[in-house]
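Structural overview for review
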Amino acid sequence: MNDMHIEYVKPTKNVSVGIYGWRKRCLYCLLIALTIIVFINVCLTLWLSLVLGLHWGSLGPISIFKNHVVFRSPVVLKDGLITNRIFSGDQSLSIQSEKSVQLQSGSKNKHSTLTIDKQGIHADCEQFQINDRTGSKLVAIDSSKIQVYTDDLAIINEHKKLELPHLVTNSISSDRNLSLSADEGRLMLSSNSDIDISARQTLDFVANDILIKSHTIRLQNEHIYFEKLRFFDRAKAPIVARSSQSYSVCICENGLMIGELIELQAFEASEDRVWCVAWNPIGTLLASCGSDKMIKLWGREGERNWVCKSTITEGHTRSIRSVAWSFCGARLASAGFDAKVSVWEREGQDFVLQTTLEGHENEVKDVAFSRSGLYLATCGRDKSVWIWEYNEEENDFACAAVLTTHTQDVKHLKWHPQKDILASCGYDDTIKMYIEDQDDWSCVCSLESHTSTVWACDFDVTGKRLVSCSDDKTVKIWQAYEKNNQEGIRSPNGFYPVWKCVCTISGYHTQMIYDVKWCHLTGLIATASGDNAIRVFREEERQQMDASPSFSLIASNTQAHTQDVNCISFNPKEPGLLASCSDDGTIKLWRIEQKSS
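When its secondary structure is counted, the chain shows 1 helix and 46 strands. Out of the 597 residues in the chain, the part that is buried amounts to 36%. Across the chain, every contact between residues at least 6 apart in sequence was considered, and the portion connecting residues at least 24 apart equals 46%. Element-wise, carbon and sulfur atoms account for 50% of the exposed surface of the chain, whose accessible area totals about 39000 Å².

Here we come to the confidence of the model for the chain. Within the chain, residue pLDDT values average 80, and 73% of them lie at 70 or more. Segment residues 227-257 is flagged for pLDDT under 50; beyond a separation of four residues in sequence, or across chains, it makes 40 contacts in the model.

We now examine the side chain of N571. With respect to the helices, strands and loops of the structure, N571 is situated in the loop between β44 (565-570) and β45 (577-582). For N571, a relative accessible area of 2% puts it in the buried group. One polar contact links the side chain of N571 to the main-chain amide nitrogen of E574, over a distance of 2.9 Å. The residues contacting N571, other than those within four sequence positions of it, are W279, G283, L521 and L577.

Let's shift gears to the packing of aromatic side chains. A complete count under the given rule lists 15 aromatic pairs for this structure. With a centroid separation of 5.1 Å and an interplanar angle of 50°, the aromatic rings of Y390 and F397 are classed as tilted. F397 carries the same exposure label as Y390, and that label is buried. A connected cluster of aromatic rings, assembled from ring pairs, spans F369, Y390 and F397. Over the face of the ring belonging to Y390 we find R331, whose NZ or CZ atom lies 4.3 Å from the ring centre. The ring of F327 has R371 sitting right over it, with the charged end atom 3.5 Å from the ring centre.

What follows covers the nonpolar core. If you look at the biggest cluster of nonpolar residues, it comprises 30 residues, and the most contacted ones within it are L286, I295, V323, W325, L332 and I587. The set of elements that each furnish at least two residues to this core consists of β20 (274-279), β21 (285-290), β22 (295-301), β23 (305-312), β24 (320-325), β45 and β46 (586-596). Residues in contact with W325, not counting those within four places in the same chain, are A278, W279, N280, P281, L285, A287, L297, R331, L332, F351 and F369. Of all hydrophobic cores here, the second largest spans 17 residues; its members include V475, I505, Y508 and W518.

The two faces of a sheet get side chains in turn, since along a regular strand they alternate between them. In terms of residue burial, strand β28 (residues 364-369) counts as a mostly covered element, since 6 of its 6 residues are buried. By the bridge criterion, 5 bridges tie β28 to strand β29 (residues 375-380) in an arrangement that is antiparallel. Its bridge partner lying in β29, V367 is registered against T378. Where β28 folds back on β29, the antiparallel hairpin that results is connected by 5 residues, among which G373 adopts a positive phi of roughly 85°.

Once that is clear, we can look at the pattern of salt bridges. Enumeration over the complete set of coordinates arrives at 13 salt bridges. What you see here is one network of salt bridges that share partners, running through R300, E574 and R591.

Attention now goes to the sheet that holds strand β9 (residues 146-148). If you trace the 3 strands from one edge of the open sheet to the other, you get β7-β8-β9, paired in antiparallel fashion. Edge positions in the sheet fall to β7 (127-131) and β9, since each of these pairs with one other strand and no more. The mean angle between the axes of side-by-side strands here comes to 10°, regardless of whether they run parallel or antiparallel.

Time to look at the state of the cysteines. Under the definition given, this model contains 0 disulfides. The closest cysteine sulfur to the non-disulfide-bonded C276 is located on C567, 4.1 Å from its own sulfur. Cysteine C469 is unpaired, with the sulfur of C425 as its nearest cysteine sulfur at 7.3 Å.

Before going further, it helps to spend a moment on the pairing of β24. Of all 6 residues making up β24, 6 are buried, and the element is well covered by its neighbours. Bridge count between β24 and strand β25 (residues 331-336): 5 bridges; the pairing is antiparallel. Along β25, the bridge assignment pairs A324 with A333.

Before going further, it helps to spend a moment on unusual backbone geometry. Within the chain, D429 stands out as a residue other than glycine whose phi angle is a positive 70°. By secondary structure assignment, the location of D429 is in the loop between β33 (421-426) and β34 (430-436). By relative accessible area, which is 23% here, D429 ends up partly exposed. Residue Q438 is not a glycine yet carries a positive backbone phi of 55°. With respect to the secondary-structure elements, Q438 resides in the loop between β34 and β35 (441-448). Here Q438 falls in the exposed class, since its relative accessible area comes to 74%.

Among the surface-exposed residues, E389, D437, D439 and D440 lie close enough to one another that they form a single negatively charged patch. Relative to the assigned elements, D439 resides in the loop between β34 and β35. What makes D439 exposed here is its relative accessible area of 71%.

About the cut-offs
Residues numbered from 1 in each chain as written. Predicted model: local features only at pLDDT ≥ 70, side-chain atom pairs only at ≥ 80, totals over all residues. Heavy atoms only, no water. Helix = DSSP H or I, 4+ residues; strand = E, 2+ residues; numbered from the N terminus. Buried < 20%, exposed > 50% of the residue type's maximum accessible area, 1.4 Å probe, protein only. Contact = heavy atoms within 4.5 Å. Areas by Shrake-Rupley, 256 points an atom, 1.4 Å probe, with all protein chains shown as cover. pLDDT = per-residue confidence, 0-100. Polar contact = N/O pair within 3.5 Å; in protein donor to acceptor, adjacent residues only side chain to side chain. Phe/Tyr/Trp six-rings, centres within 6.5 Å; stacked < 30°, edge-to-face > 60°. Lys NZ or Arg CZ within 6 Å of the ring centre and 35° of its normal. Core = buried A, V, L, I, M, F, W, Y, C linked by side-chain atoms within 4.5 Å. Pairing = 2+ DSSP bridges. Salt bridge = Lys/Arg side-chain N within 4 Å of Asp/Glu carboxyl O. Axes fitted to C-alpha atoms, helices over the stretch in contact; angles between N-to-C directions. Disulfide = S-S within 2.5 Å. Patch = residues over 30% accessible without salt bridge, like charges linked within 9 Å, V, L, I, M, F, W, Y side chains within 5 Å. Lys, Arg positive; Asp, Glu negative; His and termini not counted. Charge placed at Lys NZ, Arg CZ, Asp CG, Glu CD.

What follows is the structure in structure tokens.
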């Protein structure tokens, strides 16, 4: 007990923790202010919700769903609307704009646009189409034509149901019957170029008076009938025909004439294109060649049927572009894309390879024998014309001249029917004439009038005129003027004849004209074209001797083949017999009949 020590500790002062005084008053004021602001915001939110009609899942008239948006009242869009579909349900859809309304579909590079503005409705698209409620077409409009898929087309106004007094167009066509009628007034069809009216079944013109003002009228029908035709006598009034009331006529300047192109036979000559057909001099064999690298000889079996008599499969490794007969008929020459010219000689009923001529740098486009049989001419893509001379002792051909007057590919060759004069034509839009003078061949004149490639040319039976056809869709007639001619046309060299274009036939073919032939038996001119057509022209009689020649179309077939017609050839012995070949691989035989009254 004595060791215990007790120490007294003095108590400390108590300290209070908190916000007192002015700090406490400021905090209360802040809390009250925040409470008021929150209250005001809540009130404003409730007020805006009531005013704007905001509900869960919608913004007033706008309801937003996962796959679509619904507007329940008119909406104003400032910067456009991009959507896949607009649907108005059972309500009408109204789109309004103070400037214009534009609907666009497609990508940036290729799209269609429909614009509605104060000036009208504008559609920018490849084809504008109107369908009925079943989805069937009613009207289809594109850059080339307007198609109406209804039985009748009516233009309605206050006075008449159908009134079409003046129609300006290039073509009117119908898959069914087409009827153009004018009960009162005048029915007028006008065009700055051609008027083409076609119907697959029946074409009717109904009018009190039909007046046709045209440079050329072409009726391309198999049968043309004029019912109740009246013959006009200048001394008397028109007289109604006493006999039949149906006639088939083609009215020409020199009288009544009709020509008909009758298909006699068609045969499959190749699985690919056939480039050329050529008759032998007596008209008993027809040679053909093409992309199949073969030459086929066709002959008559029986009175009407033509069959393939023999086939030459050797000689060329690429397409054979042309075949030609010698005037004696004992030789056959072929020109190929393999830059070779093969000459075949007849032994009995067969043809054997006599020689192969080489010299052209690439494709040989044409080959032709001269009338005398001394020369063989070839031309090609290398812009040259080669003349080969026949050596009877060696029974072979040797190069006599290489002519390079053309500046582009040379497409065609033709020898004068009586003299050793050669004509060539090609891509440089010209026709060249070559004559041998003192063992030297030279170009004596250049015929220039075509505006594009000259594909072919041919002499008439006298050799004084030449016909040519071109990529410019025209046929031109050329006249040779000898020295001291009555027309006073002078030759530049004073010796060789001058050739002048005296007639141009145009407006018939719609594509390039690949071939033209002048028949030496009938004087008819036939053309073959890339528009699948064959047309036949006849020279009209001249009222005056010094008048320019003119030719009229007497027969045609606008679908002679299903593809380009590459070549035609008149039979040299049978008048009116014509052969043709095409890219469709067929050869066809035609007969041209002329009827006069």
